[in-house]
Structure formats: structure tokens, C-alpha cells
Amino acid sequence: MASLDPRDIVVAFDMDGTLLDADNNVIGGQETVDALGRLQERGCTMAIGTGRLDHDIICAGERFGLHFANRISQHGAVRVSGGRIEAELLDPASALAIFERIEHAPVRIEINTVSNRYWTSERDPSFPKELYDSHIIKSDMRELIRCQPVVLFLVVGDAADLEPIARMVNEAYRDVQAVMSSATSLELMPRGVSKGAALAKMYAGKRIFAIGDAPNDFEMFGKAERSYLVSDVACPVDVVREPSILEALRDIERYLA
């Protein structure tokens, strides 16, 4: 496809399970970093779409020598472009009502603002680590919800405890959506937020090549010209399946050759 102009190409990829493993090591090692660098040098735009906070995208760019001019974090709820930040926030009244309905459930509740994570007690040491630790211990979550720009709730627990919460939120709150981001984590965020919606806003008219591993990447696939799934999960979208991000990047390089 020699007619493709790399300057029109956006290579969008997920972070956890796609770029990084559970220990924050790059999947595919230096070969993956080199492949990303080659695509960027050719003029392609690199875009991370992640559930993490924006600071981890900055850290990832510094670690791998990549420039992320536009950044998509918190599943698309927070977008940074051209020195400006845009965020979709939970309505305080809805957030407070949900918190009061789930605070005594056998789950762990964490709250994200645009820039920080808040929780009432320290995480288990085995919990995945961030590249930049922005957490703040806060005993009064109600005060936080009233006074801070809350983006989402991360609710951690067993699936049997999370599924009723997800049903309750999706049925009772028209402005909030509940999304299972893993078998043990549920995220409550403004309805309509997704990585795919963020890509469409930030890269209108661009040709998107998307790489992901989990259901919360499927909306991103729906906006892409070519999508790569680097896991064995079932997917309703037409995708190219590859063992890892490294093979996906190599295929993109061949596609652009």
C-alpha cells in the first residue's frame, strides 16, 4: 500500500496487557520499542488509549523515547491535546448516590479524579503498580465527591459481588455506565465514554490502526481501519489476531511498505 501517507496514520494501542505486562515490562522488549520508534520516525502518530491516568502515559513516553502529543486516559474520559485537557466527569449527585448504595458491599472502592487516585486504605502489595504513584489516602469519600472533579470509580472484588453493582448502575443511572475491565474490576464512568469515542474526537479524518487485548478495547476497534487483537478473547468486531503487539506492529510496517 505504497500510496498511504504515514502522516495520516494513527497507531493506537492499549497499555495494560497490550504494551505492558503485569510487571510494567514491555511485551516484546526492545524489539517492540524499536518498532514503535520506526513507525513514529516515518511520520505515524503514536496514541495510547488506556484506563490508567494521564501521568502514566507521560512516563511511558519518557521510558520508551516516544512522543505522545495527544493522550487518551481513563478509558477516554480524559483527553489531552495541544496543551489543553478535556474531561468527562461524573455528575456529583449521581456519584454520591451510587457511592452510598455500594459503600458497604464486600468490594474495594477507589475514586479517580483527573489527576489522582483516592482510596481509604493502602492497596494489597500484589496489586498492579503504576508508573507514577499519584494515590492519596482519603477517609471521607463523600467530601471528595462533592469537592473534586471525579472521573470514575474503580470497584474491585469477586465477579459475584461486582455483577449486581453493574446491573444496578446500568439500570438506575442514565448518565453513568458500568464496564467490567477485568474479571475482578468494575469501572463506573460517564455514559458514552470509551477509547473509541475519544479516538474519533481527537483523530477525525485520520486512518487508525488499533491494537488491544480486552473488551474495553473493542470500541477502539470499531473506529479503526485495521484492528489487532493480541489475546484469545471472543470479539464481535472483525480483527486481525496476533500473538502480541510486536507482531501487530510488524504487520503495520509491512502494510505501509
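Cut-offs used in this document
Residues numbered from 1 in each chain as written. Predicted model: local features only at pLDDT ≥ 70, side-chain atom pairs only at ≥ 80, totals over all residues. Heavy atoms only, no water. Helix = DSSP H or I, 4+ residues; strand = E, 2+ residues; numbered from the N terminus. Core = buried A, V, L, I, M, F, W, Y, C linked by side-chain atoms within 4.5 Å. Buried < 20%, exposed > 50% of the residue type's maximum accessible area, 1.4 Å probe, protein only. Contact = heavy atoms within 4.5 Å. Pairing = 2+ DSSP bridges. Axes fitted to C-alpha atoms, helices over the stretch in contact; angles between N-to-C directions. Salt bridge = Lys/Arg side-chain N within 4 Å of Asp/Glu carboxyl O.

## Section: the environment of Val230
- Relative to the helices and strands, Val230 resides in the loop between strand S13 (226-229) and strand S14 (240-241).
- Put simply, Val230 and Glu242 are 12 residues apart on the chain and 5.1 Å apart in space, counted from C-alpha to C-alpha.

## Here's the deal with the nonpolar core
- Of all hydrophobic cores here, the largest spans 30 residues; its most connected members are Val11, Phe13, Leu19 and Ile211.
- At the level of secondary structure, the elements contributing two or more residues to this core comprise strand S1 (9-13), helix H1 (29-41), strand S2 (45-48), helix H2 (54-64), strand S12 (207-212) and helix H8 (245-256).
- By residue number, the principal contributor to this core is H8, which donates five residues.
- Setting aside residues up to four positions removed in sequence, Val11 forms contacts with Leu39, Cys44, Thr45, Met46, Ala47, Phe209, Ile211, Leu249 and Ile252.
- Counting 25 residues, the second-largest nonpolar core is a separate cluster that includes Tyr118, Met141, Val169 and Tyr173.

## Considering the environment of Ile58
- Within the secondary structure layout, Ile58 lies in helix H2.
- With relative accessibility at 35%, the residue Ile58 sits in the partly exposed group.
- Measuring from C-alpha to C-alpha, the distance between Ile58 and Ile145 comes to 26 Å, with 87 residues separating the pair along the chain.

## Description of the sheet that holds S13
- A sheet is described by the order of its strands in space; here five strands give the open sequence S2-S1-S12-S13-S14, paired in parallel fashion. Each having just a single partner strand, S2 and S14 make up the two edges of the open sheet.
- Where S12 lies against S13, four bridges are found, and the strand directions are parallel. Opposite Ile211, over in S13, you have Tyr228 as the bridge partner.
- Packed on one face of the sheet, H8 meets S1, S12 and S13 and runs near 160 degrees to S12.

## Topic: the pairing of strand S4 (residues 78-81)
- Taken together, the four bridges between strand S3 (residues 70-73) and S4 define a ladder with antiparallel strand orientation. Within S4, the residue paired with Asn70 across the bridge is Ser81.
- What sits between the antiparallel neighbours S3 and S4 is a turn of four residues, in which Gln74 has the positive phi angle 50 degrees.

## Notes on the sheet that holds strand S8 (residues 135-137)
- In spatial order, the strands read S8-S7-S6-S9-S11-S10; together these six strands make up an open sheet with mixed pairing. Lying at the two open borders of the sheet, with one neighbouring strand each, are S8 and strand S10 (176-182). When the angles between neighbouring strand axes are averaged without regard to direction, this sheet yields 25 degrees.
- Where strand S6 (residues 108-113) lies against strand S9 (residues 150-156), six bridges are found, and the strand directions are antiparallel. Paired with Asn112 across the two strands is Leu152, which belongs to S9.

## Quick word on the pattern of salt bridges
- If you walk through the whole model with that rule in mind, you get 20 salt bridges.
- In this structure, Asp54 engages Arg71 in a salt bridge whose closest nitrogen and oxygen atoms are separated by 2.6 Å. Residue Asp54 is located in helix H2, and its partner Arg71 is located in strand S3; the two are separated by 17 residues in the primary sequence.
- On the basis of relative accessibility, which here comes to 11%, the residue Asp54 falls in the buried class.
- One salt bridge connects Lys201 with Glu88, and the closest N-O pair in it is separated by 3.4 Å.

The analysis is restricted to geometry; functional conclusions fall outside its scope.
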